[in-house]
Amino acid sequence: MKYYVIDRGCKLCDACYWACPAKAIRIVDDVRAEIIQDQCRHCGVCYDSCANEAISIYDDAAAAQAAIVRFAQSRPS
Ligand code: SF4
Ligand code: SF4
């Protein structure tokens, strides 16, 4: 199974938000989009919809979770 993570320069264009068939993407603090992993169906529609290459694909849940943490820690608080 592939895991999708928004872990790069999200421009908050909302394309993935509207494209996701599972409503598994939320907008956080009006500055970035985030995939709700528990709701994600792993379909890849968000990846295809992002023109900014802000979504990465990981092969397993642990790698995806590590990427989420890395990205969170890299952002200014
Ligand atoms: S992989 Fe599919 S279900 Fe998961 S967030 Fe992306 S569009 Fe939504
Ligand atoms: S489509 Fe890409 S740039 Fe647009 S909100 Fe989603 S992750 Fe961010």
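Residues numbered from 1 in each chain as written. Chains lettered and ligands numbered in written order. Predicted model: local features only at pLDDT ≥ 70, side-chain atom pairs only at ≥ 80, totals over all residues.

Naming follows an unreviewed UniProt entry, where the protein chain appears as Pyruvate formate lyase activating enzyme of Oligosphaera ethanolica.

A. Structural view of the pairing of strand β3 (residues 32-35). Of the two faces of β3, the one holding A33 and I35 is buried and the one holding R32 and E34 is not buried anywhere. Pairing geometry for strand β2 (residues 25-28) and β3, over four bridges, is antiparallel. Paired with I25 across the strands is I35, a residue of β3. From the end of β2 to the start of β3, which pair antiparallel, there are three residues, and D29 there has a positive phi angle of about 50°. (Buried ≥ 20, exposed ≤ 12 C-beta atoms within 10 Å, placed from the backbone. Helix = DSSP H or I, 4+ residues; strand = E, 2+ residues; numbered from the N terminus. Pairing = 2+ DSSP bridges.)

B. Examining the site of ligand 1 more closely. Among the 13 residues in the neighbourhood of ligand 1, the closest are listed as C20, C40, C43, V45 and C46. When its residues are assigned to classes, the shell around ligand 1 shows ten nonpolar, two polar and one charged. (Near = placed C-beta within 6 Å. Nonpolar A, V, L, I, M, F, W, Y, C, P; charged D, E, K, R; others polar.)

C. The arrangement of the environment of A33 in detail. By the element assignment, A33 lies in strand β3. Separated by 31 residues in sequence, A33 and A64 have C-alpha atoms that sit 15 Å apart. The contact partners of A33, leaving out residues within four places of it in the chain, are I6, C10, L12, C16, Y17, I25 and I27. (Contact = placed C-beta atoms within 7 Å.)

D. Inspection of the site of ligand 2 at higher detail. Not every one of the 14 residues close to ligand 2 is listed here, only the nearest: C10, C13, A15, C16 and C50. Among the residues forming the shell around ligand 2, the class breakdown is ten nonpolar, two polar and two charged.

E. Summary view of the confidence of the model for the protein chain. Confidence in the prediction of the protein chain, expressed as mean pLDDT, is 93, and 97% of residues score 70 or more. Mean pLDDT across the elements of the protein chain ranges from a minimum in helix α3 (residues 61-74), with 90, to a maximum in helix α2 (residues 45-49), with 98. (pLDDT = per-residue confidence, 0-100.)

F. Inspection of the nonpolar core at higher detail. One finds V5, C16, I25, I35, C46 and I55 to be the most contacted residues of the largest nonpolar core, which totals 15 residues. Broken down by secondary-structure element, the contributors of at least two residues to this core are β1 (3-6) and β3. Here this core takes four residues from β1, the largest share from any one element. Dropping the residues within four chain positions of it, I25 is found in contact with C16, Y17, C20, A33, E34, I35, I36 and C46. (Core = buried A, V, L, I, M, F, W, Y, C linked by C-beta atoms within 7 Å.)

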